[in-house]
Amino acid sequence: MLTHGGGWVKGTWNLPVHFFAISYESIHFLNKKKTQKELTGLVDAALPLDVLTYEEKTLSAILRICSSGLVKLWSSLTLLGSYKGKKCAFRVIQVSPFLLALSGNSRELVLD
Amino acid sequence: MATLRRLRETPRHLLVCEKSNFGHDKSRHRHLVETHYHNYRVSFLIPECGILSKELKNLVMETGPYYFVKNLPLHELISQEFINTFVKKGSCCALTYNTNIDEDNTVALLPNGKLILSLDKDTYEESGLQGHPSQYSGRKIMKFSMEESVMMSYFSNYQIQEHQPKVSLSTVRDLQCPVLQSGELGGTPEMSCSALELFDWLGAIFSNASLNNEPNNFISTYCCPQPSTVVAKAYLCTVTGFILPEKIRLLLDQLCHYFDEPKLAPWVTLSVQGFADSPVSWRENEHGFRKGGEHLYNFVIFNNQDYWLQMAVGANDDCPP
C-alpha cells in the first residue's frame, strides 16, 4: 500500500525486542550477570538483557529483551522469589515492543 | 499443545509508518488526530529550544479541564436532555474510569454521538441489546472531557469533580539526537536514521533512559541510533489526563508553525498515547488489551513541512487506518 506521500514501513510479528516495565520489592539493585543466571535458572546465562532505567525510589526498572526471550523472561520474573537469601517479588507493570508506550500508563491515572 | 504453543508465542503488534507533507491535499494528519478520541498522554520534544513560546505554552495550559462523575447511571447518557445539551454540540467524549477493557464492562462516548458498550457475556445477555461479539475476547464511574463548564451544573446531582491535566515541562542539556532525512523513512546507512529507530529513541528519552553506552557499561547496550548530533538543549513537555482530539490538533498546528521563522531544530516530535482501556482506537476500530493496551501515534514534523507519522497498536487491535 502506498500513501500519497510515498512508501511506508509496516512492522508485524516479531518486532525484534520487547520492553518490560517492572517493579520489585526488597532488592536494591540488579547485577546484570547475576540477574541472567537467576532469571533463566541456567548455569551459563542464555538471554542478553538490558536494564534501560532503574529508579531506586520506586524500585522500578525498564528492561529490554529480544522478542524470542519474552516468555522466558516474563515467567522467570514471575517465579523469582528470592535474591541472596532475601525474599523478593517482581511485578510486571507493562510489556510492549514500543518503548514509547512505557513512558505512560493510563491505568495509573488516579482521580478519586 | 496448541495452547502451549500459543502461550510461548510473542503476541503480534503493528507499527505503521508513513510520510507526507502538511500542505498536501490528501494529507490525513488532521483526520487521524481527530478520530483518535481517548487520549491519555501527549508529549512533544523540540531540539535546540530552551524556552517555550507563549502560544505553545498557552495551548499546553489549556488542554483541560476534564470531569469525573461518580455513580452515574448509564441511562443519563441516552437521555434527550443530555443529547441536546452535549452530544449534539459535538466534542463530548466519555470513558468509564478504572475499568479494565479485558476484564470489566466498559462504556465510551464518542464525539460523533455513538455510545460504545463493551460488555461481558452476562451483562450483554441481561441488557437485551443487539451487538456483535468482540473480535478479541452499571452504575459506572465515568470520566468526561468537554469544552464547556456547563458539565458541572448539569451533573450537580452526582459527585462531579473538575480536573486539570498534569503538565510536566523540562529542558535537557547536551542531548544526542538522531539525524533524520524527511524523504528517507527507512533511513540511509551512515546518513540518516530510520523511523523505527527514532520511535524507540523517543521512548528512551521520555522514559528517562540514559543512553551513554560507555565501554564500562554492562547494564545496557542500548544507545542513540547513529548517525546522531548533539544538541545543546531540548525542550520536553508532557501532558497527562483526558485530552480531547481538538486540543491535540491545535498543538499539532502550532508545532507546524514552529518553523515559520528560521529555527536551529531540523524537526520536532509530537507523541500521543491512548487510554489502554478504551474500547476503540481510531474511529470505531475495536481496541483490546492482551499483554498491553497500547495504541499510540507520533508525528515527526520537519522544517520543510514534511512529516512522518507512526501509528502503533497492540495484539488485540485492528490495523491502524
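It should be noted that the structure appears before, not after, this text.
Predicted model only: the values in this text are computed from it and were never measured.

Asks: Lay out the overall build of chain A with the relevant residues and their values.
Replies: Summing up its helical and strand segments, chain A has 2 helices and 7 strands in all. In chain A, the succession of α and β elements from N to C terminus is β-β-α-β-β-α-β-β-β. Of all 112 residues assigned to chain A, the portion counted as buried reaches 50%. For chain A, the proportion of contacts with a sequence separation of at least 24, taken over those separated by at least 6, is 65%. For chain A, the computed accessible surface area is about 5,900 Å², with 56% contributed by carbon and sulfur atoms.

Asks: How would you sum up a negative patch on the surface? Please name residues and give values.
Replies: Residues and elements named next belong to chain B. Together, E103, D104, D120, D122 and E126 make up a negatively charged patch on the protein surface. Relative to the elements of secondary structure, E126 occurs in helix α5 (residues 121–127). By relative accessible area, E126 is classed as exposed at 70%.

Asks: How would you explain empty space enclosed by the protein if you had to name every residue and give the values?
Replies: Residue and element names in this part refer to chain B. Volume-wise, the largest cavity comes out at about 50 Å³. Of all the secondary structure elements, the ones that give two or more residues to the lining of the largest cavity are β2 (39–47) and β11 (267–274). By residue number, the principal contributor to the lining of the largest cavity is β11, which donates 3 residues. Along the lines of polarity and charge, the residues of the lining of the largest cavity split into 3 nonpolar, 4 polar and 1 charged.

Asks: With reference to specific residues and values, describe the packing of aromatic side chains.
Replies: Applying the stated criterion across every chain yields a total of 19 aromatic pairs over all chains. Here the aromatic rings of F98 of chain A and F199 of chain B are separated by 5.9 Å at their centres, their planes lie at 70°, and the arrangement is edge-to-face. Taken as a pair, F98 of chain A in the segment after β7 (90–96) and F199 of chain B in helix α7 (residues 195–206) lie in two separate chains rather than in one. Overall, the relative accessible area of 1% leaves F98 of chain A in the buried class. Given the relative accessible area of 1%, F199 of chain B is considered buried. Their ring planes at 80° and their centres at 4.9 Å tell us that Y154 of chain B and F155 of chain B sit as a pair that is edge-to-face. Of the two residues, Y154 of chain B and F155 of chain B, both sit in the buried class. Pairwise contacts between aromatic rings join F22, W282, Y297, F299 and Y307 of chain B into one cluster. Its guanidinium or amino end placed over the ring of F289 of chain B, R107 of chain A lies 3.7 Å from that ring's centre, counting from NZ or CZ. For K263 of chain B, the ring lying beneath its charged end belongs to Y258 of chain B, and the centroid distance is 4.5 Å.

Definitions and cut-offs
- Residues numbered from 1 in each chain as written.
- Chains lettered and ligands numbered in written order.
- Predicted model: local features only at pLDDT ≥ 70, side-chain atom pairs only at ≥ 80, totals over all residues.
- Heavy atoms only, no water.
- Helix = DSSP H or I, 4+ residues; strand = E, 2+ residues; numbered from the N terminus.
- Buried < 20%, exposed > 50% of the residue type's maximum accessible area, 1.4 Å probe, protein only.
- Contact = heavy atoms within 4.5 Å.
- Areas by Shrake-Rupley, 256 points an atom, 1.4 Å probe, with all protein chains shown as cover.
- Patch = residues over 30% accessible without salt bridge, like charges linked within 9 Å, V, L, I, M, F, W, Y side chains within 5 Å.
- Salt bridge = Lys/Arg side-chain N within 4 Å of Asp/Glu carboxyl O.
- Lys, Arg positive; Asp, Glu negative; His and termini not counted.
- Charge placed at Lys NZ, Arg CZ, Asp CG, Glu CD.
- 1 Å grid on protein atoms, 1.4 Å probe; cavity = no way out; pocket = protein on both sides within 12 Å on 5 of 7 lines; lining within 4 Å.
- Points joined across faces, edges and corners; volume = space filled by probe spheres on them.
- Nonpolar A, V, L, I, M, F, W, Y, C, P; charged D, E, K, R; others polar.
- Phe/Tyr/Trp six-rings, centres within 6.5 Å; stacked < 30°, edge-to-face > 60°.
- Lys NZ or Arg CZ within 6 Å of the ring centre and 35° of its normal.

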